[in-house]
Structures are given as C-alpha cells and as structure tokens.
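As a plain string of letters, each chain reads:
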Amino acid sequence: MAAAITLAAEAPKLSSANTGFMLICSALVLLMTPGLAFFYGGMVRVKSTLNMLMMSFISIGIVTLLWVLYGFSLAFGSGSAFVGWNADWLGLSNIGLTELWPDYTIPVFVFMVFQMMFAIITPALISGALADRVKFSAWALFVALWATVVYMPVAHWVWASDGWAYKLGVIDFAGGTAVHINAGAAALGVILVIGKRVGFKKDPMRPHSLPLVMLGAGLLWFGWFGFNAGSWLGNDDGVGALMFVNTQVATAAAMLAWLAYEKIRHGACTTLGAASGAVAGLVAITPSGGAVSPLGAIAVGVIAGVACAAAVGLKFKFGYDDSLDVVGVHMVGGIVGSLLIGFFATGKGQSDAAGVFYGDHSFDQLWKQCAGVFAVLAYSLLASAVLAFLLDKTIGMRVPEDEEVSGIDQSQHAETAYDFSGTGGGVVGSTTAQTLAATKNRKVDA
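In this text the structure is predicted, and so the values were computed from the model without any measurement.

Student: Sorry, what's going on with the layout of surface pockets here?
Tutor: Over the atoms rolls a probe the size of a water molecule, and in doing so it shows where empty space is left. Computed from the structure, the largest pocket encloses a volume of approximately 980 Å³. What lines the largest pocket is a set of 39 residues, and nearest its centre among them are Tyr104, Trp159, Ala160, Ser161 and Tyr166. Elements with a contribution of two residues or more to the lining of the largest pocket: helix H4 (108-126), helix H5 (136-159) and helix H14 (364-394). Of all the elements, H4 adds the most residues to the lining of the largest pocket, at 4 residues. In terms of residue class, the lining of the largest pocket is built from 21 nonpolar, 10 polar and 8 charged.

Student: Can you help me understand the pattern of salt bridges in this one?
Tutor: Once their charged atoms are close, side chains differing in charge can pair, the charge on each being opposite to the other. Considering all chains together, one arrives at 7 salt bridges under this definition. A salt bridge links Arg45 to Asp132, with the nearest nitrogen and oxygen atoms 3.1 Å apart. Residue Arg45 is found in the loop between helix H2 (16-43) and helix H3 (49-76), and its partner Asp132 is found in the loop between H4 and H5; the two are separated by 87 residues along the sequence. Per residue, the accessibility class of Arg45 equals that of Asp132, and both read buried. Salt-bridge contacts for Asp364 lead to Lys368; the nearest nitrogen and oxygen are separated by 3.3 Å.

Student: How should I be thinking about empty space enclosed by the protein in this particular structure?
Tutor: As enumerated under the stated definition, the model contains 2 cavities of 30 Å³ or more in all. Lining of the largest cavity is provided by Phe39, Tyr40, Met43, Ser276, Val279, Leu324, Asp325, Val329 and His330. Every element with two or more residues in the lining of the largest cavity is listed here: H2, helix H10 (271-288) and helix H13 (326-344). Residues that form the lining of the largest cavity fall into these classes: 6 nonpolar, 2 polar and 1 charged. Of the pockets and cavities examined, the second largest cavity occupies roughly 50 Å³. Lining the second largest cavity, in full, are Met32, Leu36, Ile121, Leu125, Val179, His180, Leu220, Trp224, Phe227, Val279 and His330. Of all the elements in the fold, those that place two or more residues in the lining of the second largest cavity are H2, H4, helix H7 (176-194) and helix H8 (210-229). For the lining of the second largest cavity, the element with the highest residue contribution is H8, accounting for 3 residues. Grouping the amino acids of the lining of the second largest cavity by side-chain chemistry returns 9 nonpolar, 2 polar and no charged.

Student: Help me understand the nonpolar core, please; the structure alone is not making it clear to me.
Tutor: Soluble, globular proteins show a tendency: their nonpolar side chains are buried together. In this structure, Trp67, Phe72 and Leu130 are the most contacted members of the largest nonpolar core, which totals 123 residues. Those residues in contact with Trp67 that lie beyond four places of it in its chain are Phe72, Ala75, Phe76, Met112, Gln115, Met116, Ala119, Tyr151 and Met152. Residues Ile171, Ala291, Ile341 and Ala353 belong to the second largest nonpolar core, which totals 5 residues.

Student: Help me understand unusual backbone geometry, please; the structure alone is not making it clear to me.
Tutor: The general pattern is negative phi for most residues beyond glycine and trans for most peptide bonds. Notably, Leu92 is not glycine yet its phi reads approximately 55°, a positive angle. Despite not being glycine, Asp325 has its phi angle at roughly 65°, a positive value. Secondary-structure assignment places Asp325 in the loop between helix H12 (314-318) and H13.

Student: Looking at this structure, how should I read a nonpolar patch on the surface?
Tutor: A cluster of nonpolar side chains, namely Leu295, Ile298, Val302 and Val306, defines an oily patch on the protein surface of about 330 Å² accessible area. In this structure, Leu295 sits in helix H11 (residues 294-311). On the basis of relative accessible area, Leu295 is assigned to the exposed category, the value being 67%.

Student: Honestly, the packing of H10 against H13 in this entry has me stumped. Any pointers?
Tutor: The description of two packed helices rests on the angle between their axes and on the distance between the axes. Look at H10 against H13: their axes get within 7 Å of each other, and the N-to-C directions meet at 40°. Between H10 and H13, the interaxial angle falls into the category oblique. Every pair of crossing elements has a handedness; the one defined by H10 and H13 is right-handed. Taking contact as the criterion, the partners of Val279, Ala280, Val283, Ala284, Pro287 and Ser288 in H10 are, on H13, Val329, His330, Gly333, Gly334, Gly337, Ser338 and Ile341. When its residues are assigned to classes, the contact of H10 with H13 shows 7 nonpolar, 6 polar and no charged.

Rules behind the numbers
- Numbers given to residues run from 1 along each chain, matching the order in which its sequence is written.
- At least 70 in pLDDT is required for a residue's local features to be given in this predicted model, at least 80 for side-chain atom pairs to be given and counted, and no such filter applies to totals for whole chains, interfaces and linings, which use all residues.
- Excluded from the side-chain calculations are hydrogens and water; all other atoms, namely the structure's heavy atoms, are used.
- The distinction between a cavity and a pocket rests on a 1 Å grid over the protein atoms alone: a 1.4 Å probe fits inside a cavity but cannot get out, while a pocket stays open yet meets protein on both sides within 12 Å along at least five of seven lines, and a residue with an atom within 4 Å of a point counts as lining.
- Grid points are joined across faces, edges and corners, and a volume is the space filled by probe spheres set on the points.
- Starting at the N terminus, helices and strands are each numbered in turn, a helix being any DSSP run of H or I of at least four residues and a strand any DSSP run of E of at least two.
- Here the term charged refers only to Asp, Glu, Lys and Arg, the term nonpolar to Ala, Val, Leu, Ile, Met, Phe, Trp, Tyr, Cys and Pro, and the term polar to all other amino acids, Gly among them.
- Salt-bridge detection follows one rule: a side-chain nitrogen of Lys or Arg within 4 Å of a carboxyl oxygen of Asp or Glu.
- Remark: exposure states derive from per-residue accessible area (1.4 Å probe, protein chains only) relative to the maximum for the residue type, with buried under 20%, exposed over 50%, and partly exposed in between.
- To form a nonpolar core, buried Ala, Val, Leu, Ile, Met, Phe, Trp, Tyr and Cys residues must be joined to one another through side-chain atoms within 4.5 Å.
- Two residues qualify as a contact provided that any one of their heavy atoms is within 4.5 Å of a heavy atom in the partner residue.
- Every patch collects residues that have over 30% relative accessible area and no salt bridge, joining them within 9 Å if they carry like charges and within 5 Å if they are nonpolar side chains (Val, Leu, Ile, Met, Phe, Trp, Tyr).
- Shrake-Rupley sampling with a 1.4 Å probe provides the accessible areas, and residues are treated as covered by the protein chains on show and by no other component.
- With axes taken as lines fitted to C-alpha atoms, and helix axes fitted only over the stretch in contact, angles between N-to-C directions fall between 0 and 180 degrees.
- Roughly parallel means an angle under 35 degrees; roughly antiparallel, over 145; roughly perpendicular, 65 to 115; everything else is oblique.
- By definition, any crossing whose near helix is turned counterclockwise from its far helix by less than a right angle is left-handed, and any crossing with a clockwise turn is right-handed.

Below is the structure:
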C-alpha cells in the first residue's frame, strides 16, 4: 500500500505553467513558416515572389488537416519501429481535455499542436529549392504526399518512444534529422527529377528584396526559440534554458563565421550572407543544443557557418539547381549539427551521452548519430525523388517554359507582388482595365 501511494504521488500532474509555455512555443513555431515565406520570397526574382510566399502558406493549410486526420497517429502512435498507429487519435477523437502526454505535465492536445507546427514547416523548407518552375497544384499535392510518406514515418523513427532511431540512442533535440536533413535531402531528390531553371548559370538570378530576406531571417530567429527550447516540453530542469542559450550563441557564431568566409573568399560581407549564416547556425544547433555547452555551441555555429557557406557553391560545380540553397544550408547544416553531437556532447545536458571530446573514445555516440543521419538522408532522397517522378509523369511538375520566363506569379496565381503602375490593385487584368478606363475618359474630355 505504501509503495502504491508513493507511485501515485509521483505521477505527473498537469502543469499550467508548462502548458502555457508550450502553447506560446507552438505559436512561435507557426510564426516561422510565414517568416520562411518572407525569407524565401525576398531571395527570388520579383516575378516569382507571390508563388514563393504561397508555397509556404499552402503547407499550413494542407498539413494542419492531415495532421488532425491521421498524421499525429502515424507519427506518434504506438506501432512498429518505422511507423505509428493509434485509432483513437484519428481525427483527434477520444482524447481527453486534461489527458497528459505520457511522462510529461502537458496535455496530449498541446503536444499534438506543437508537433503539428514542425510538420507544417518541414515541407515548406523544401520549396526554396524549387523556385520559379513548379506548378502550384503539383506542389500542393506533393506536400500532402510527402508529409504522409516521408515526414510522418521519419518523425516516428526519431521522436516516438518505439521508433528505431530513438531506441538506438540517436540524439535529435528538435529536428536536425527529422526536419532539416529530411527537407534538404528531399529538395535534392526533387530537383534532380525536375531539372534546372531556364537560364541557370547564365542569367543573373539575384534576390529582388534583401530587406524582405532580413525580415524573414529575423522572424525565423525569433520563432526558433520556441522551436528549440520548447522541444524539451517543459521548464522544470533547466535543459530548455540551456537550449535557449545555445540557440542564440550558435546562431551568432555561425553568422559571423559565414561573413568572415565571405570576406576572405569574395571581399565583402553581404546582408544575404548574414541572413543565411544565421539560418545555418539555427539549423546546426537544432539537434545538438541540448547536449553541448555554450562553448560547444560556439564551435557548432562556427563549423556550420563555414561548412554551409562553402556548400552553397557546390550546385554550380555539380550542376544541380538548388534555387535558394536548401541543400547547402538545411541538409549540410543538419548533418554538421547532428554529427558534431558525437564530438561535443558533454553528458551533462539532456542525457549522460558524451562525445569524443568528453571521454567517448569508443565513438559510441558518433556512430549512432551517423546511423540516424544517413538513414534519414537516404530514405528522404529516394522517396522524394520517386514522388516527384510519379507526379511529373502524371500531372506534370513544371510550368511551361514560356510561363517560367514571363513569370510564375501571373501564370499560377493571376497576381503580381508589386504594382509599379501606381494605379493600385494586384490582380492581373485590373491594371489593364483601369488603363483602358482612363484612356476612355481622356477621349471623352478631349
């Protein structure tokens, strides 16, 4: 009886503080998707701005509904080591309002919605590699299929208690494998299928609005604190606070490292480099921030900043058209951050797993990280390429060449991002109608 009373007393109880904190973190992670839309939207040419924004925004709508209908069940339900299942979670049925996520002090609904925001932004990350050339309808269908076939199973591998990578001991605090390597490898798989933009390596394809890029990067940096610190699902033991600190430290270090690389290599420190370096640091610290010290976070940031800055140029060397450097930043940054856990993990953060520099001379944690990294990379690359191939051979993935050259915003959305005529309105045809009306009025006045 005494033992039963002790166990009952130790059972987790709903914490209003942790619940409120996690709801705020969920909102911060959602903010990252519009931030990503601005970040990508400013990097493309003016004729593709709206399409780039919409490729992120449509992910919010599609993935939200899929997550409610069956996605949460596939990702976090109990099942095999590769995919989950819980019939009670289909349509979020049979979940009590105060039912707690196992071993935590937050409701299942709160955990569900926090993870929903991760599922939303991950396919949106892929869109940056496909700028200027993909049909919007094909992209929307790809998002639905990819989230189901790739993201949900991989999330189960990495974060579900019976996932094979989780049981193996792969450390991924907030998504280095499940989010960034997953999205970066998917981007590479798709662009190898759909091909290059018209004018790749020939025409200048400069960002049309660097202020918009910086705004997007700032929103991403801000929202990333919820993305990272919230992934500990509470604030009771200081690990979330460590992750918050390391997120800031690594991001700052990566930004400075990218700018230093630019200055040495190209002679200038650019705003695009500052924004890209910050994102590279955020990506790299995402898997590792709960395992390393702040000094380790500086090392992670510096290494990721230089590695990603060097990697973005590989597309010109190898001839794959990664429009906005998703492969160079997200895939490479995710790989760097995940593997560096095997070197810089202190054993005093989220777990007692230590890296090579802290006594793991058998390389135990490093090989576990390698297993997780390369399994996710291979699966996502192959599965994403197959999905893109099937869509391309059925409904077609690319817009016609003349539409790509004239502007994908007009052909896919019947709108333009900016009205340079000064007459107002964004819908194609409205400016023409107003011009005709003005011409008619001038004739009458005459």
